[in-house]
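Secondary and tertiary structure notes
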Amino acid sequence: MRFEGKIYTPNNTFLNLSTSQKWYWSGVLSFLLFCFLAIENQDNWKDDFLGSIFHICGFISLFVFALGKFGAIGSDEKLNGKLDGEIIITPDLICVNSQEFPLANIDSFNLNIEDFWGKYENPSFTIDPSYMAGINNKVEFNYKNKRISIQFRIDLEKEFVELKKIKEVIQIKKASIV
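Below is a summary of the structure that appears in this document. (Residues numbered from 1 in each chain as written. Predicted model: local features only at pLDDT ≥ 70, side-chain atom pairs only at ≥ 80, totals over all residues. Heavy atoms only, no water.)

A few points about the sheet that holds strand 3 (residues 93-96)
For the record, the criterion: For two strands to count as paired, DSSP must find a minimum of two bridges between them. Starting at the N terminus, helices and strands are each numbered in turn, a helix being any DSSP run of H or I of at least four residues and a strand any DSSP run of E of at least two. Comment: axis = line fitted to C-alpha atoms, over the contacting stretch for helices; angle = value between 0 and 180 degrees taken between N-to-C directions.
Ordered in space as 4-3-2-1-9-8-5, the seven strands form an open sheet in which the pairing is antiparallel. Each of the sheet's edge strands pairs with one partner strand only, and the pair in question is strand 4 (99-102) and strand 5 (106-112). Averaged over all adjacent pairs, the angle separating strand axes in this sheet is 30°, with direction ignored. With seven bridges connecting them, strand 8 (residues 137-143) and strand 9 (residues 146-153) associate as antiparallel partners. Each residue of the ladder has a partner; that of E140, found in strand 9, is S149.

Have a look at this one:
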């Protein structure tokens, strides 16, 4: 049993929004802005021209909101980072960019396996993407009094299942050592 994957390094930006999320939130915010402006200026509407402009802008912002909501259906999770380096996980060894960490010398081992590229997640009423990028996986452990935490990508469902089997074997081995 052997897993090979790419190390994922996220960009730590403040806003990590997909295009559909940007459309959604800009539609919501512009609609609220136009509603506020319409309420504040309703006494000044001596003619219907200003009222028509606010109505048109309100409907446009609702259209942008709907575009963002429906655009999220079937969309992929945004990577927002880079794939650099390689990680190999076996029942006896973890290898990160050619640096080997034997499992016998590892303490506090934790392997979180969440998704793989193309995994369908039902976003229900949110504007989150429907298909995952496979980057929500992480291995954490202590090696020679140093904490190592690596986020990585799983490309295929077959690799996802294989890695779960490797995790079970490692947990059995770690339990027998203690």
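Section: the nonpolar core
Just so we agree on the cut-off: Put simply, buried Ala, Val, Leu, Ile, Met, Phe, Trp, Tyr and Cys residues joined by side-chain atoms within 4.5 Å make one nonpolar core. Relative accessible area decides the class of each residue, using a 1.4 Å probe on protein chains only: under 20% of the type maximum gives buried, over 50% gives exposed, and in between gives partly exposed.
Among the nonpolar cores identified, the biggest contains 24 residues, and I87, I89, I94, V139, F141, F152 and L163 are the most heavily contacted of them. Mapped onto this core, the elements with two or more residues apiece are strand 1 (3-10), strand 2 (81-89), strand 3, strand 5, strand 8, strand 9 and helix 3 (157-177). Among the elements that take part in this core, helix 3 stands out by supplying four residues, more than any other.

As for the pairing of strand 4
With four bridges joining them, strand 3 and strand 4 adopt antiparallel strand pairing. Paired with V96 across the bridge in strand 4 is Q99. Between strand 3 and strand 4, which pair antiparallel and follow one another directly, the connecting turn spans two residues, one of which, N97, has a positive phi of 50°.

A few points about a nonpolar patch on the surface
In plain terms, the rule: Two distance rules govern patches: like charges are joined within 9 Å, and nonpolar side chains (Val, Leu, Ile, Met, Phe, Trp, Tyr) within 5 Å, applied only to residues with over 30% relative accessible area and no salt bridge. Every accessible area reported is derived by Shrake-Rupley at a probe size of 1.4 Å, with residue values counting cover from the shown protein chains alone. Each salt bridge in this description consists of a side-chain nitrogen of Lys or Arg and a carboxyl oxygen of Asp or Glu lying within 4 Å of one another.
Among the surface-exposed residues, W23, F63 and L67 lie close enough to one another that they form a single nonpolar patch of about 320 Å² accessible area. Topologically, L67 is positioned in helix 2 (residues 48-71).

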